[in-house]
Amino acid sequence: MRQPGIYSGMLSGLSGKTGPHSLPLARIKKIMKKSGDDVKMISGEAPIVFSKACELFIEELTRRSWMMTMQGKRRTLQKDDVASAVAATDIFDFLVNLVTEPLNGDEDAPGGTDIIEH
């Protein structure tokens, strides 16, 4: 039997469709439907679980990136910190190409306003 993970307590707060969500559920459902032609129907609860999973993912990547920021004796998290965190963490291997390649061919775009298209 699977042991409860460190995030199991966080997921206990999910209670149906009630409560505010940090990420837009309609956008999550749209992304889910675009994931494949065979995805036709999605229950109302599935985007809520995905929303929470995305929140946890962002929190974990941010924590690891912040550790890189602190190692660099800085107080502003930068793209290079995220890239270092991804490179140092096996579970983020699927992101390596995303953080090592320039976005839209312009590394020096101001304000981090690069758009990633699929």
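The structure displayed is predicted, hence computed values, not measured ones.

**Section: the packing of aromatic side chains**
Working step 1: For the coordinates displayed, the defined rule picks out 2 aromatic pairs.
Working step 2: Centre to centre, the rings of F57 and F92 are 5.7 Å apart; their planes meet at 85°, and the pair counts as edge-to-face. Of this pair, F57 sits in helix α3 (residues 45-71) while F92 sits in the loop between α4 (79-88) and α5 (96-100); the two residues are 35 residues apart in sequence, bridging distant segments of the chain.
Working step 3: Seen in terms of ring centroids, F57 and F94 are 6.3 Å apart; in terms of plane orientation they differ by 35°. Their pairing is tilted. Here F57 is found in helix α3, whereas its partner F94 is found in the loop between α4 and α5, with 37 residues between them in sequence.

**With respect to the environment of K79**
Working step 1: By the secondary structure assignment, K79 is in helix α4.
Working step 2: The spatial distance from the C-alpha of K79 to the C-alpha of V99 is 7.7 Å, given a sequence separation of 20 residues.
Working step 3: Sequence-distant contacts of K79, that is, excluding residues within four places in its chain, are made with V99 and E101.

Parameters and conventions
Residues numbered from 1 in each chain as written. Predicted model: local features only at pLDDT ≥ 70, side-chain atom pairs only at ≥ 80, totals over all residues. Heavy atoms only, no water. Phe/Tyr/Trp six-rings, centres within 6.5 Å; stacked < 30°, edge-to-face > 60°. Helix = DSSP H or I, 4+ residues; strand = E, 2+ residues; numbered from the N terminus. Contact = heavy atoms within 4.5 Å.

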